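Structural overview
Chain by chain, the residues run as shown.
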Amino acid sequence: MSSMLKKAVTVSIPSVRQALARSNPVLANALLAKRSYNSKGGVEMTVRDALNSALEEEMTADEKVYLLGEEVGQYNGAYKVSKGLLDKFGPKRVIDTPITESGFCGLAVGSAFAGLKPVCEFMTWNFAMQAIDQIVNSAAKTHYMSGGNVDCPITFRGPNGAAAGVAAQHSQCFAAWYGSVPGLKVVSPWNSEDAKGLLKAAIRDPNPVVVLENELMYGISFPMSEAALSKDFVVEIGKAKIEKEGTDITIVAHSRAVGFALEAAQLLEKEGICSAEVINLRSIRPLDTETIIKSVKKTNRLVTVEGGWPQYGVGSEICAQIMESEAFDHLDAPVVRVTGADVPTPYAQNLEAYAFPDTEVIARVVKRTLNKKIGA
Amino acid sequence: MYARVSARALARSIPSKALKATPAPLAHSAKAFSTSALSMDAHKKKERVKVHFPGALDSHFSQVLEIREKMEPIDTFRVMDTDGKVLDKSLEPEVTEEFATKIYKDMLTLNVMDLILYEAQRQGRISFYMTNAGEEAYIGSAAALDPEDEIFGQYREAGTLLYRGFTLDQFMNQCYSNDMDLGKGRQMPVHYGSKALHFQTISSPLATQLPQASGAAYAIKRSGKKNCVMCYFGEGAASEGDFHAALNIAATTSCPVIFFCRNNGFAISTPANEQYKGDGIASRGVGYGMHTIRVDGNDVWAVYKATQEARKIAVEKHKPVLIEAMTYRVGHHSTSDDSSAYRSKKEVEDWKRHDNPMVRMRKWLESKGWWDEARENAHKSTQRTAVLKSFAAAEKRKKPAVSEMFNDVYDKLTPNLIEQKKELEELIKKYPAHYDTSNYAKDN
């Protein structure tokens, strides 16, 4: 773990609730109940609270589920995702660990071999590289290498991808890294429903699951359906979701980029340029190629969007899968990847802004792709 | 409130008292520099004042600048001398003939099996092997465990499995990765695993088993079972970051785990004196605030006794223990190694002659009248026959079914696995001349 980020974290994430409690006790209470109501009377929830609900519900449902990581207990998590869990479940099930990723990750893996269902929180996925051997060589492979005799029902979770103003060592996407490993399942939620449903599915899954959250999404509120509020709600791992239907082009994205893709689609529709279909991948592995292929066969055009690096990335994999599928013959234009710049993330705000895709870039690429034609 | 909070509160309550008792520092330090060592010691004793810093609550203030390089080396516990004589009568093992001879028989069987499989590798019949020669006394540690204590091995602990009842057939099937291999042909030879015998599947990367052992111990503690975890590793693996991570986290989370270091003097070719500079591995245990034992690893009864005591601490107090068993690897590291490149044959022969765990145990048994030449020869010969029989049977068995390539990646086959499997099956069917599967087991 890097001390620098911790500082950044504690400074950049003030306790919204504490501030609110002073200025608006009524709203603060509503937030404490994790639900608030939007202008249309629907229920809204932040991604942070959705993750918190998922943890709380699964820990209540199954005694074997426990949470461990740096600062997850008394401090309520560096990003407050585990707020209130120590008080509710006690120190046997919410464990503050020493600053040793390979240590607590290895401990979590060993306890999963022994029948518990650990949720191993990394303060960010950047720090999990210290423990990647435990994740890739032990968690992912032991079921296979033991001849199916040893299960590893573990959830690894934490914020992934670029955050704001924390530079190269704290801003990178690990979707391609973990997405390449057989034995792991990898999910990447975008909104509150994704966050809750995928985390719950991950905890219930008998296989090791990597949950790639996004720090910049934690504080964002999204509507929650009646179904999503239920303690039985799960989002199936391995299935993408069509967030917006369209006819002219398919935009596939995961995590925070789904929001940009939707904005771009709306912008283009408002301008009368096209009707774009937006697919939220939700799962990186298994990858729901079927949904993408079906969409491409309908729209004949494809753009992928991600915050990760271009080379060997999620977009690259989608391109390859489309090339190898029957959807290839339906393409009217080459597939284009919109990705993070192929550089370590710079710190200076102006440079950082250039390093990642946003709504405008996506809209521009979509327009360009609409104007291209294979063989023309 | 939780323990951590109260510890902090305690730390905070110390300063007011402590500070009051602190003598004027300037006057004292001037005195310290001018006094002789003897009176300085007396002076230090008189005015020992505990610090109030939360990070080291047991330390005292001192006006003597101390730069410490070494601590007192930790002694090595032994029961028998190199001739198998018990050095202190009070340490005479109170064991039955059956129990003692079982340990020795397993040590002998391990030798016989190692010899045959080592040769099999040399003949190209299996790809890899690792022998246990020189370290057989670690079986004494297995004998001190409960059969349901979970074992996390490194790779040179086949003897613990043998002690628990892993059959010769099971060993041979694994080394031949045939259709009866419990690991379904997915691991290199000697990477054994047995759920039934509470022996975790061996993981090749060094030291990953250490933090995992802490985790399994945490699960045992939570379950309330009166068991512990036994985790083996070498002194070379103790240089890995995972060693630190595991011991620190086992100590801070109070896990019932025994870390058993086989310090055999070599990490492949790197001798211990190039591996670390401190007092072996045991000195580190104390640094982690952990109960620590150093033991003569060539002395079965010392290893047995040390493990028994360690187990009591782990199971009754829920605390981790570090055991460092000092030994000497007589064999090569593995079949990929020729140790004559970095140590003399004479050195190895000297060890075999002067401090041999087999000889020590045998002599002890003979002094009891529980063993003799005839029994030695009879056991060796029956085991040799049994190993060869298992070996031949394992070699003849079919290889794992093609489907085992895809099973167990996940609990169920995912779409891409189904697709891959189908593709392979079609290829095999289409080109039977290129894909001869007659020697493979049938798919279930």
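Residues numbered from 1 in each chain as written. Chains lettered and ligands numbered in written order. Predicted model: local features only at pLDDT ≥ 70, side-chain atom pairs only at ≥ 80, totals over all residues.

Where an unreviewed UniProt entry is consulted, chain B appears under the name 2-oxoisovalerate dehydrogenase subunit alpha, with the organism given as Linnemannia schmuckeri. Recorded under Cofactor (unreviewed entry), the UniProt text for chain B is reproduced unchanged: "thiamine diphosphate". Reading the Catalytic activity (unreviewed entry) entry of the UniProt record for chain B gives the comment "N(6)-[(R)-lipoyl]-L-lysyl-[protein] + 3-methyl-2-oxobutanoate + H(+) = N(6)-[(R)-S(8)-2-methylpropanoyldihydrolipoyl]-L-lysyl-[protein] + CO2". (UniProt positions renumbered as here; feature names shortened; annotations may be inferred.)

Looking at an unreviewed UniProt entry, one finds chain A named Pyruvate dehydrogenase E1 component subunit beta and attributed to Linnemannia schmuckeri. Recorded in UniProt for chain A, the comment headed Cofactor (unreviewed entry) runs: "thiamine diphosphate". The UniProt entry for chain A carries the following comment under Function (unreviewed entry): "The pyruvate dehydrogenase complex catalyzes the overall conversion of pyruvate to acetyl-CoA and CO2."

**Some remarks on the confidence of the model for chain A**
Detailed reading of the predicted model is not advised wherever pLDDT is low. Averaged over all residues, the pLDDT of chain A equals 91, while 89% of them reach at least 70. Per-residue pLDDT stays below 50 along residues 1-32 of chain A; that stretch engages in 28 contacts with residues further than four places along the chain or on separate chains. (pLDDT = per-residue confidence, 0-100. Contact = placed C-beta atoms within 7 Å.)

**Observations regarding the UniProt feature "domain: Dehydrogenase E1 component" (unreviewed entry) in chain B**
The UniProt record marks residues 105-402 of chain B with the feature "domain: Dehydrogenase E1 component" (unreviewed entry), using the residue numbering of this structure. Summarising residues 105-402 of chain B: 47% helix, 11% strand, and an end-to-end C-alpha distance of 39 Å. (Helix = DSSP H or I, 4+ residues; strand = E, 2+ residues; numbered from the N terminus.)

**Overview of the sheet that holds strand 12 (residues 276-280) of chain A**
All names here are of chain A. Strands sit in the order 10-12-11-14-15 across an open sheet of 5 strands; the sheet is mixed. Pairing within the sheet leaves two strands with one partner each, and these edge strands are strand 10 (241-244) and strand 15 (336-338). Averaged over all neighbouring strand pairs, the angle between strand axes comes to 25°, with direction disregarded. Of the strand pairs in this sheet, strand 14 (residues 302-305) and strand 15 are connected by 3 bridges, and their pairing is parallel. Bridging from a neighbouring strand, V303 pairs with V336 of strand 15. Strands strand 10, strand 11 (249-253), strand 12 and strand 14 of the sheet are contacted by helix 12 (residues 257-270), whose axis makes an angle of about 170° with strand 12. (Pairing = 2+ DSSP bridges. Axes fitted to C-alpha atoms, helices over the stretch in contact; angles between N-to-C directions.)

**A closer look at the domain arrangement of chain A**
In terms of domains, chain A is made up of domain 1 (3-229) and domain 2 (241-371). Listed per partner, the contact involves 24 residues of domain 1 of chain A and 25 residues of domain 2 of chain A. (Domains from an automatic or database assignment.)

**Looking at the interface of chain A and chain B**
Each partner contributes to the interface: chain A provides 39 residues, whereas chain B provides 41 residues. Counting residues per element, the side of chain A that touches chain B draws most heavily on helix 6 (residues 101-113) of chain A, at 10 residues. For the side of chain A that touches chain B, the residue count by class is 16 nonpolar, 21 polar and 2 charged. (Nonpolar A, V, L, I, M, F, W, Y, C, P; charged D, E, K, R; others polar.)

**Some thoughts on the UniProt feature "domain: Transketolase-like pyrimidine-binding" (unreviewed entry) in chain A**
The UniProt record marks residues 45-220 of chain A with the feature "domain: Transketolase-like pyrimidine-binding" (unreviewed entry), using the residue numbering of this structure. Note that residues 45-220 of chain A is 36% helix and 16% strand, and that its end C-alpha atoms are spaced 8 Å apart.

**Describing unusual backbone geometry**
All names here are of chain A. Cis peptide bonds are those with omega within 30 degrees of zero, and the linkage from R285 to P286 qualifies with -5°. Along the chain, P286 falls in the loop between strand 13 (283-285) and helix 13 (289-299). Positive phi, close to 60°, is recorded for Y312, a residue that is not glycine. Positionally, Y312 belongs in the loop between strand 14 and helix 14 (314-323). In this structure Y312 comes out as partly exposed when scored by C-beta crowding, with 13 C-beta atoms within 10 Å. (Buried ≥ 20, exposed ≤ 12 C-beta atoms within 10 Å, placed from the backbone.)

**As for the packing of helix 12 of chain A against helix 16 (residues 359-371) of chain A**
Residue and element names in this part refer to chain A. Where helix 12 contacts helix 16, the axes come no closer than 8 Å and their chain directions differ by 55°. With respect to each other, helix 12 and helix 16 are oriented oblique. Between helix 12 and helix 16 the crossing geometry is right-handed. Across the interface between the two elements, F260, A261, E263, A264, L267 and L268 from helix 12 touch T359, I362, A363 and V366 from helix 16. (Parallel < 35°, antiparallel > 145°, perpendicular 65-115°, else oblique. Left-handed = near helix turned anticlockwise from the far one by under 90°.)

**Some remarks on the confidence of the model for chain B**
All names here are of chain B. In this model, chain B carries an average pLDDT of 90, and 89% of its residues clear a pLDDT of 70 or more. Note on residues 1-37: pLDDT under 50 across the span, and 23 contacts to partners over four residues away in sequence or across chains. Across the interfaces of the predicted complex, the ipTM metric reaches 0.82, alongside a pTM of 0.86.

**Description of the sheet that holds strand 7 (residues 185-187) of chain A**
All names here are of chain A. Ordered in space as 4-3-5-6-8-7-13, the 7 strands form an open sheet in which the pairing is mixed. Bordering the open sheet on either side are strand 4 (94-96) and strand 13, each of which pairs with just one other strand. Put simply, the sheet's adjacent strands are angled 20° from each other on average, direction ignored. Pairing analysis gives 5 bridges linking strand 6 (residues 155-159) to strand 8 (residues 209-213), with the strands arranged parallel. Of the residues in strand 8, the one forming a bridge with G158 is L212. Across the sheet, helix 10 (residues 192-204) touches strand 3 (65-69), strand 5 (117-121), strand 6, strand 7 and strand 8, and the angle it forms with strand 8 is around 160°.

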